[in-house]
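Results of the structural survey
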Amino acid sequence: MSPTTKLIAALLAASSLTACTTVGPNFQAPEAPKTVSTLGAGDTAPTAARLDAAQANAGPWWTALNSPELDAVIRQALKDSPTLAEADATLAQSQSALAQARGVAGPQVTGNAGVARERANLQAFGFTGFGDIKLSNPTFSLYSVGGAVSYDLDLWGGNKRRIESATARLEAEGRRTEAAYLSLTANVAMQAATIATLRSQIASVEQMIADDQANIELIRKANALGGSTSLAKVSAASQLEEDRAQLPALQGELAAARHALAVLVGKAPADWAAPAFDLSTMGLSAPVPVALPSQLVRKRPDILAAEAQLHAATADIGVATADLYPNIKLSASLTQGALKPGDLFSYDASGWDIGAGLTAPLFDGGALKARRQQAREAARAASARYQQTVLMAFGQVADALSALSADDTALAAHARTEQQASERLRLAKVAFDKGGGTMLEVIDAQRTLNAARSSKARAEGQRLVDAIRLFAATGADWRTS
């Protein structure tokens, strides 16, 4: 076995040693919250949600909305979104950081080689000649090759804690990536629901306009027979223009929603057109499954990311603590040097050294202790952020549940209003046909019915949006596999 191989083998054997001790606190995952429900105090559970301990969904969460068009758009967004590309790249950075931490903790091997043309100064060593014979300084080429190996014994586990911290940060970044995917899918679905709602409202307004025009035609015929008044004609024309005035704003909102969806998909609005989403083909096939509080903290990616960040901050305390104590590093080097390349690898041309170096902080003005205290305070801040993240998650779930419960009440009220308005219009038309009513009453009843239909469409769209918010708030599975 060559000297180089022996030196490397010795240090590799040393690398198998574990740290004598690992300083700093060991991470303990926070306990599950004591709260017993995701509902707010005094809130009523909506019919569109159910407590589900298993939280088992068949396929991606948005398939519960029964829209093949939405499924296709979300899958395209998952493939082309720059937001997700950024999240994936950031995750890859964290993977490289962990690889770096692991690499630094292992043996470090370096190699070197060189050739130099030198002129030796013999007089510097007292060689001037022999008697009358003067020695001239020789000129020659020097060839060298060698290597060095070093290994940090990590007596106090500082490197181990660095790896632990990098691993936790990688997990946190992975959870943030999951949160980005979940946020994107939810935002795409909400924009699709917004488009469907606006299209339904526009259809209602267009129906209003068609009814207004039909009423004007009826009044024109009645005027020709002397059975209507000028007031009825003016009122019908005024109602027509009032309903027409609603269209531009709704069309502008629809265009903005389509543009926003194009951006979410990763396309310029001019290069991509949103599908014609329709409320009649979008709806929940089953109530949204809602996890219990103890399960929610193990499911939502933002909570899991905050927990991983707390883990990393806890490991950083150990890194800072290990720096307070002495450390030993083993090292060895081998150099082969010769005047001729053919002699470079002979035993006589070799030189080596092997040893151990001890470093210990003696005086640093309290900088290392301050750094450890800084790490402790950072861990306290990470713990507070975790608690706040949990509270915000519970608040978002409670908000979504409360909104869905209100949507149930609102939809029931709008359905009754529409039914009553429809009956009123029927009675007004019967009375007008029999000569017991006026055209103004028919126009007013028609306006009321159209307004009720438009309001109901808004309520249906809002219920769909709130259901999507609940899916996102409960950390629904976004995966498409």
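Residues numbered from 1 in each chain as written. Predicted model: local features only at pLDDT ≥ 70, side-chain atom pairs only at ≥ 80, totals over all residues. Heavy atoms only, no water.

**So, the overall build of the protein**
- Across its full length, the protein holds ten helices and eight strands.
- Within the protein, residue pairs in contact and separated by at least 24 positions form 85% of the contacts whose partners lie at least 6 positions apart.
- When the accessible surface of the protein is split by element, carbon and sulfur atoms take 56% of a total near 25500 Å². (Helix = DSSP H or I, 4+ residues; strand = E, 2+ residues; numbered from the N terminus. Contact = heavy atoms within 4.5 Å. Areas by Shrake-Rupley, 256 points an atom, 1.4 Å probe, with all protein chains shown as cover.)

**Quick look at helix 6 (residues 246-265)**
- Between its first and last C-alpha atoms helix 6 spans 29 Å; for 20 residues at 1.5 Å apiece the expected length is 28 Å, and the two agree.
- For helix 6, the full list of buried residues reads Leu 247, Leu 250, Leu 254, Ala 257, Leu 261, Ala 262 and Val 265. Down the axis of helix 6, the buried side of the element spans an arc of 140°, and every buried residue falls inside it.
- Backbone geometry just after helix 6 places Gly 266 at a positive phi near 95°. (Expected span 1.5 Å × (residues − 1). Buried < 20%, exposed > 50% of the residue type's maximum accessible area, 1.4 Å probe, protein only. Arc of directions from axis to C-beta.)

**Overview of the sheet that holds strand 8 (residues 350-359)**
- The strand order across the open sheet built from four strands is 2-5-7-8, with neighbouring strands paired in antiparallel fashion. Edge positions in the sheet fall to strand 2 (108-119) and strand 8, since each of these pairs with one other strand and no more. Averaged over all adjacent pairs, the angle separating strand axes in this sheet is 20°, with direction ignored.
- The sheet contact formed by strand 7 (residues 327-338) and strand 8 spans ten bridges and is antiparallel. (Pairing = 2+ DSSP bridges. Axes fitted to C-alpha atoms, helices over the stretch in contact; angles between N-to-C directions.)

**Some points on the pairing of strand 2**
- With zero of twelve residues buried, strand 2 lies mostly on the surface of the structure.
- In the sheet, strand 2 pairs with strand 5 (residues 139-152) via twelve bridges, with the strands oriented antiparallel. Bridge assignment links Asn 112 to a residue of strand 5, and that residue is Gly 146.

**As for the packing of helix 8 (residues 301-322) against helix 9 (residues 367-433)**
- Interhelical geometry of helix 8 versus helix 9 gives an angle of 170° and a closest axis separation of 8 Å. In this view, helix 8 runs roughly antiparallel relative to helix 9, as classed from their interaxial angle.
- When grouped by side-chain class, the residues that make up the contact of helix 8 with helix 9 number 14 nonpolar, five polar and six charged. (Parallel < 35°, antiparallel > 145°, perpendicular 65-115°, else oblique. Nonpolar A, V, L, I, M, F, W, Y, C, P; charged D, E, K, R; others polar.)

**A closer look at the packing of aromatic side chains**
- For the coordinates displayed, the defined rule picks out three aromatic pairs.
- Ring geometry for Trp 61 against Phe 471: centres 5.0 Å apart, planes inclined by 35°, an arrangement best described as tilted. Placement of Trp 61 in the loop between strand 1 (49-51) and helix 2 (68-80) and of Phe 471 in helix 10 (residues 439-473) is noted, with a sequence separation of 410 residues between them. The same class applies to Trp 61 as to Phe 471, namely buried.
- A ring pair is formed by Trp 156 and Tyr 325, whose centres lie 4.8 Å apart and whose planes are at 40°; its orientation type is tilted. In this pair, Trp 156 is assigned in the loop between strand 5 and helix 4 (158-224) and Tyr 325 in the loop between helix 8 and strand 7, connecting sequence segments 169 residues apart.
- Among the aromatic residues, ring-to-ring pairing joins Trp 61, Trp 62 and Phe 471 into one connected group. (Phe/Tyr/Trp six-rings, centres within 6.5 Å; stacked < 30°, edge-to-face > 60°.)

**Considerations on the pattern of salt bridges**
- Scanning the model with the defined rule gives 20 salt bridges in all.
- Its salt-bridge partner being Arg 463, residue Asp 408 comes within 3.5 Å of it at the nearest N-O pair. In this pair, Asp 408 sits in helix 9 while Arg 463 sits in helix 10, placing the two residues 55 residues apart along the sequence.
- What makes Arg 463 partly exposed here is its relative accessible area of 24%.
- Residues Glu 418 and Arg 453 are paired through a salt bridge, measuring 3.8 Å at the closest nitrogen-oxygen approach. Taken together, the residues span a long stretch of sequence, with Glu 418 in helix 9 and Arg 453 in helix 10 at a distance of 35 residues.
- Several salt bridges converge on common partners, so that one network encompasses Lys 79, Asp 80 and Lys 267. (Salt bridge = Lys/Arg side-chain N within 4 Å of Asp/Glu carboxyl O.)

**Some thoughts on the packing of helix 9 against helix 10**
- Axis separation between helix 9 and helix 10 bottoms out at 8 Å; the angle between their running directions is 160°. Overall, the two elements helix 9 and helix 10 adopt an arrangement that is roughly antiparallel. Helix-helix and strand crossings are classified by hand; for helix 9 and helix 10 the assignment is left-handed. (Left-handed = near helix turned anticlockwise from the far one by under 90°.)

**Remarks on the pairing of strand 7**
- Examined bridge by bridge, strand 5 and strand 7 share ten bridges and lie antiparallel to one another. Within strand 7, the residue paired with Tyr 151 across the bridge is Leu 330.

**Regarding the environment of Gly 351**
- With respect to the helices and strands, Gly 351 occurs in strand 8.
- For Gly 351, a relative accessible area of 32% corresponds to the partly exposed category.
- Sequence separation between Gly 351 and Thr 335 is 16 residues, and the spatial gap between their C-alpha atoms is 5.2 Å.
- Apart from the residues lying within four places of it in its own chain, the contact partners of Gly 351 are Ser 333, Leu 334 and Thr 335.

**Notes on the confidence of the model for the protein**
- Per-residue pLDDT for the protein averages 84, and the proportion of residues at 70 or more is 87%.
- Across the protein, element-level confidence peaks in helix 8 with a mean pLDDT of 94 and bottoms out in helix 1 (residues 3-15) with 48.
- Every residue in residues 14-19 is under pLDDT 50, and counting partners more than four places away or in other chains gives ten contacts. (pLDDT = per-residue confidence, 0-100.)

**Things to note about a nonpolar patch on the surface**
- A cluster of nonpolar side chains, namely Phe 125, Phe 127 and Leu 135, defines an oily patch on the protein surface of about 340 Å² accessible area.
- Along the polypeptide, Phe 125 turns up in the loop between strand 2 and strand 3 (129-130).
- You can call Phe 125 exposed: its relative accessible area is 65%. (Patch = residues over 30% accessible without salt bridge, like charges linked within 9 Å, V, L, I, M, F, W, Y side chains within 5 Å.)

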